[in-house]
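# Fold and geometry: a report
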Amino acid sequence: MASWVGPTVAISVALIALSFLVMAFITIAVAHEARKKSGTMVRELTELRRDLAPALASINHFGEVGSDVIGQLRDEVGEVIKTSQGVRRGVDKAVRQAEGRLADLDALLEVATDEAEAALMDASAAIQSVRTSAGLLSHIGRFLVPQGEADEEYEDDEEVEEEEEDALEDLDEDADDDDDDEDVA
């Protein structure tokens, strides 16, 4: 073998060993530095945890209170909805009752109007009958009364008949006015 191979291998082995020593030294230095930094980080994390503990407790408490408030709010909204539904049902019932009563009132007014018209017609017929009977009696009376007295009574009877006719015409006009008012309504 050549003479240069032995020393070259020895130098290579020494360089490799030196490389391992440097790597071991760097590893020890990094581990030592990491240990210092980790101790610092542990202290900082402990301080951070101590500082954040009240905030986290407040947030947890706020979450619990918020849940309670949301539960109460849900209950209140439910009660408001129930009350609103009850009011709506009451209003609907009152409207139906009012409509029924208005229908009853309309029927009552219609019956009262019909009865009033019938009574008015009966009264008109009765007055017409009285007037006709009075005229007939006055004619009969002329035959029974002596001639001179009959002319004077006849003139009085004509005045009475004219007054009765005027009263009947006024009554008929009032009835026609009432009919016109009902037609308009």
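Residues numbered from 1 in each chain as written. Predicted model: local features only at pLDDT ≥ 70, side-chain atom pairs only at ≥ 80, totals over all residues. Heavy atoms only, no water.

## What about the overall build of the chain?
Here is the rule we go by: Every helix listed is a DSSP run of H or I at least four residues long, and every strand listed is a run of E at least two residues long, numbered separately from the N terminus. Accessibility here uses a 1.4 Å probe with only protein chains present; expressed as a share of the type maximum, an area under 20% marks a residue as buried, one over 50% as exposed, and anything in between as partly exposed.
Of the regular secondary structure elements, the chain holds two helices and zero strands. Counting only residues that meet the buried cut, the chain has 5% of its 185 residues in that class.

## Some thoughts on the pattern of salt bridges
Definition in use: The rule for a salt bridge is simple: a side-chain nitrogen of Lys or Arg has to be within 4 Å of a carboxyl oxygen of Asp or Glu.
Overall, the coordinates contain one salt bridge when judged by the stated rule. We note a salt bridge from Glu79 to Lys82, for which the minimum N-O separation is 3.9 Å. Here Glu79 and its partner Lys82 are both found in helix α1 (residues 5-144), three residues apart, which amounts to about one turn of the helix. Exposure remark for Lys82: the relative accessible area of 54% places this residue in the exposed category.

## Considering a nonpolar patch on the surface
Put simply, the rule is: The patches described consist of residues with a relative accessible area above 30% and no salt bridge, like charges being joined within 9 Å and nonpolar side chains (Val, Leu, Ile, Met, Phe, Trp, Tyr) within 5 Å. Residue-level accessible areas treat just the shown protein chains as cover; the underlying method is Shrake-Rupley with a 1.4 Å probe.
There is a patch of nonpolar side chains on the surface, built from Ile11, Leu15, Leu18, Leu21, Val22, Phe25, Ile26 and Val30 and spanning about 820 Å² of accessible area. Looking at where Leu15 falls in the secondary structure, it is placed in helix α1. For Leu15, a relative accessible area of 51% translates into the label exposed.

## Overview of a negative patch on the surface
For the record, the criterion: In this tally Asp and Glu are treated as negative and Lys and Arg as positive; neither His nor the chain ends contributes. Here the site of a charge means atom NZ of a Lys, CZ of an Arg, CG of an Asp or CD of a Glu.
Judged by side-chain charge, Glu162, Glu163, Glu165, Asp166, Glu169, Asp170 and Glu173 come together as a negatively charged surface patch. Tracing the backbone shows Glu163 in helix α2 (residues 147-184).

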